[in-house]
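Architecture at a glance
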Amino acid sequence: MKILYGVQATGNGHIARSRTLAKALEKYPQIQIQWLFSGRPRENLFGMEPFGDFWWRRGMTFVHRKGKLKSLATLRQLRLLQVGKEITELPVTGFDFIISDYEPITAWAAKIRKIPSIGIGHQYAFLHSIPMPRFNWLFHTILRSFAPTQRSLGLHWHHFGNPILPPIVPPRREPDTEVGEHILVYLPFEDPLPMLEALSKVDRQFIVYGVADTLAAADNIQLKAPSTVGFQRDLASARAVICNSGFELLAETLALGKPILSRPLAYQFEQEANAKALDQLQLAKVVKRIDADSITAWLDALPTPQRIQWPNVAEAIAQWIADGCKQHPAALARSLWCQVTPPPSEEPTPAYGKIR
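An account of the accompanying structure is given in this report. (Residues numbered from 1 in each chain as written. Predicted model: local features only at pLDDT ≥ 70, side-chain atom pairs only at ≥ 80, totals over all residues. Heavy atoms only, no water.)

Brief notes about the overall build of the protein chain
Helix and strand counts for the protein chain stand at 12 helices and 14 strands. Expressed as a percentage of contacts within the protein chain between residues at least 6 apart in sequence, the contacts between residues at least 24 apart total 68%. (Helix = DSSP H or I, 4+ residues; strand = E, 2+ residues; numbered from the N terminus. Contact = heavy atoms within 4.5 Å.)

Thoughts on unusual backbone geometry
Residue proline 342 is bonded to the preceding threonine 341 through a cis peptide linkage, with omega at -5°. For tyrosine 102, which is not glycine, the phi dihedral falls at a positive 55°. Here tyrosine 102 shows up in the loop between β6 (97-101) and α4 (104-113). The phi torsion at lysine 114 lies on the positive side, around 60°, for a residue other than glycine. With respect to the secondary-structure elements, lysine 114 resides in the loop between α4 and β7 (117-121). Judged by relative accessible area, lysine 114 falls into the exposed class, the value being 71%. (Buried < 20%, exposed > 50% of the residue type's maximum accessible area, 1.4 Å probe, protein only.)

Topic: helix α12 (residues 329-337)
Within α12 the residues assigned to the buried category are Pro329, Ala330, Leu332, Ala333, Leu336 and Trp337. One side of α12 holds all its buried residues, which, seen down the axis, span an arc of 160°. Its buried side turned inward, α12 meets β8 (151-154) and α11 (313-322). (Arc of directions from axis to C-beta.)

Here's the deal with the packing of helix α1 (residues 12-25) against helix α8 (residues 247-256)
It is the contact of α1 with α8, at a shortest axis distance of 7 Å, that shows an interaxial angle of 55°. Judged on the interaxial angle alone, α8 and α1 are oblique. Contact with α1, carried on its side by Gly13, Ala16 and Arg17, involves Phe247, Glu248 and Glu252 of α8 and no other residues of that element. Of the residues that constitute the contact of α1 with α8, the class distribution is 2 nonpolar, 1 polar and 3 charged. (Axes fitted to C-alpha atoms, helices over the stretch in contact; angles between N-to-C directions. Parallel < 35°, antiparallel > 145°, perpendicular 65-115°, else oblique. Nonpolar A, V, L, I, M, F, W, Y, C, P; charged D, E, K, R; others polar.)

Observations regarding the pattern of salt bridges
Applying the stated criterion to the full structure yields 8 salt bridges. A salt bridge links arginine 17 to aspartate 101; the shortest N-O distance between them is 2.8 Å. Here the residue arginine 17 occupies a position in helix α1, and aspartate 101 occupies one in strand β6, the gap between them amounting to 84 residues. Like aspartate 101, arginine 17 is buried. With a closest N to O distance of 2.7 Å, arginine 263 and glutamate 190 form a salt bridge. (Salt bridge = Lys/Arg side-chain N within 4 Å of Asp/Glu carboxyl O.)

Observations concerning the pairing of strand β9 (residues 183-186)
Judged from the 4 bridges that link them, β9 and strand β10 (residues 206-209) form a sheet pairing that is parallel. Its bridge partner being in β10, leucine 184 is matched across the sheet by isoleucine 207. On the question of chirality, the crossover connecting β9 to the parallel β10 by way of helix α6 (residues 192-200) is right-handed. (Pairing = 2+ DSSP bridges. Right-handed = clockwise from strand over helix to strand, strands pointing away.)

With respect to the nonpolar core
Phe37, Trp157, Leu165, Trp310, Ile317 and Ile321 are the most contacted members of the largest nonpolar core, which totals 90 residues. Among residues more than four places away in sequence, those in contact with tryptophan 310 are Trp157, Pro166, Pro167, Val169, Ala251, Leu254, Ala255, Trp337 and Val340. The next biggest cluster of nonpolar side chains, apart from the first, holds 21 residues, and it includes Leu196, Val202, Phe206 and Ala240. (Core = buried A, V, L, I, M, F, W, Y, C linked by side-chain atoms within 4.5 Å.)

Details of the packing of helix α7 (residues 228-236) against α8
It is the contact of α7 with α8, at a shortest axis distance of 10 Å, that shows an interaxial angle of 45°. By the criterion of interaxial angle, the relationship of α7 to α8 is oblique. In the packing of α7 onto α8, the handedness of the crossing is right-handed. Mapping the contact onto sequence places Phe231, Gln232, Leu235 and Ala236 in α7 and Leu249, Glu252, Thr253 and Leu256 in α8. (Left-handed = near helix turned anticlockwise from the far one by under 90°.)

Remarks on the sheet that holds β8
An order of β3-β2-β1-β6-β7-β8 is seen for the 6 strands of this open sheet, with the pairing classed as parallel. Edge strands, defined here as strands with exactly one partner in the open sheet, are β3 (55-57) and β8. Recorded for the sheet is a direction-independent mean angle of 20° between the axes of neighbouring strands. Direction of pairing for strand β1 (residues 2-8) relative to β6: parallel, over a ladder of 5 bridges. Counted as the bridge partner of glycine 6 is serine 100 from β6. Here α1 sits on the sheet in contact with β1, β2 (32-38), β6 and β7, set at roughly 155° to β1.

Some points on the packing of aromatic side chains
This model, assessed by the stated rule, comprises 13 aromatic pairs. Aromatic side chains tyrosine 209 and phenylalanine 231 sit 5.0 Å apart centroid to centroid with 75° between the ring planes, which places their arrangement in the edge-to-face category. Of the two residues, tyrosine 209 is situated in strand β10 and phenylalanine 231 in helix α7; the sequence distance between them amounts to 22 residues. Here the two residues tyrosine 209 and phenylalanine 231 agree in accessibility, since each one is buried. An aromatic cluster is present here, built from Tyr5, Trp35, Phe37, Phe51 and Phe54 joined pairwise through their rings. (Phe/Tyr/Trp six-rings, centres within 6.5 Å; stacked < 30°, edge-to-face > 60°.)

Things to note about the side chain of asparagine 220
Positionally, asparagine 220 belongs in the loop between β10 and β11 (221-223). Under the relative-accessibility criterion, asparagine 220 is labelled buried at 12%. Among the polar contacts listed, one links the side chain of asparagine 220 to the backbone oxygen of arginine 204, at a separation of 3.0 Å. Those residues in contact with asparagine 220 that sit more than four places away from it in its chain are Leu199, Ser200, Val202, Arg204, Gln205 and Phe206. (Polar contact = N/O pair within 3.5 Å; in protein donor to acceptor, adjacent residues only side chain to side chain.)

The following block contains the structure:
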C-alpha cells in the first residue's frame, strides 16, 4: 500500500501529531508512505527525522503580526499561480490514496486527479457542529475548500455528539516527570518585546519558546531555541502553561494535567474556535490579552486541573489505515472515546451550526 501523506507545516502542531502517527505506522511494513510538507520554508523545519526523505512544497500559509491574523497580507502572498503549478505537477501516479493533515497541495491534487483521499486533523472537526465563532461566509468557504478530502477524521477535545476522534498525543512511557516551579510560555504569534516585558513584571520563573533566543530578557526569563526533546521535557516539568490557542499543544498540556492560560490569535478562525471550546468545556482560562495583570490574576487563582488520559489514537488510526480504512469513522470514534479518562461529559451545546 503506497500513501502520499501531506502535512501543513505552518505551525508545529500538525508536524507534532504527524510525528507521533509516523512512529505508529512504522509497525506496518506493508505501508509505504511518502511525506510532503508545505507552508513553511524548508530550512525552518526541525525534528524531521521520522519522515525520512520527505518532499517539500511552498504551499499556502497565513500572515500574522503582533497576535493578529492579517487577511490582506495573507491574500497578497498566496501566489495562486505557483500553488496551482505545485498541485498540477505533483507526481501522484502509483499512490493508492492520499492523506492530508489540512495540507492543500496533496488534497487538491487528489481531488483533481480523482485519487481516494482522507483528511486527518483538527480542522476536519469543523465540518461538524462544534463551538465556532460567528465569522462570515468567507471564513467558512476557506475552511471547506483549503484542503478538501473525500473522507475525514476530525480531532478534538470533545466529540460534541459527532464522529470526531480524541487528539493524537505522544504516548508517555517514562514515569511522570517531577513538576518544577517554572511556567512554560509558548506564544509565537505575539509581539515578543511587550510579551517579555510583561513576564518580567511577574514574580515567577518562565521558560519561553517561540521567540528569538538572542533577545534580551529579564533574570526570571529563560529563552530557548526550538527543540522537540527540550520542549517536551520543559512542558512535562512545568507548573503551568501560557500559550495561544493552537490545538495540539493544548491537547498535550491537558494530557499532562497542567493549568492553562490561553489567548487566541485574533481573527484566526481555528484559534478563536478553540478558545470558545476551551471556555465552554472549562479546560483553560481564556483571555483577550497577555499582560502582567492577566498573568498575575491567573497565577493567584491557579486551579487544580483535571488530567485527561487520551487513548493511543495514533495507534488506532495506523491500524485503521493498515486495514484499508474500512471501519466507519463513527465506530472508530466511539471505540476511542470509551477509553478516555475521565469520560467526556454530556454533549455541550454547539455554538454554531454545521458547515456543509
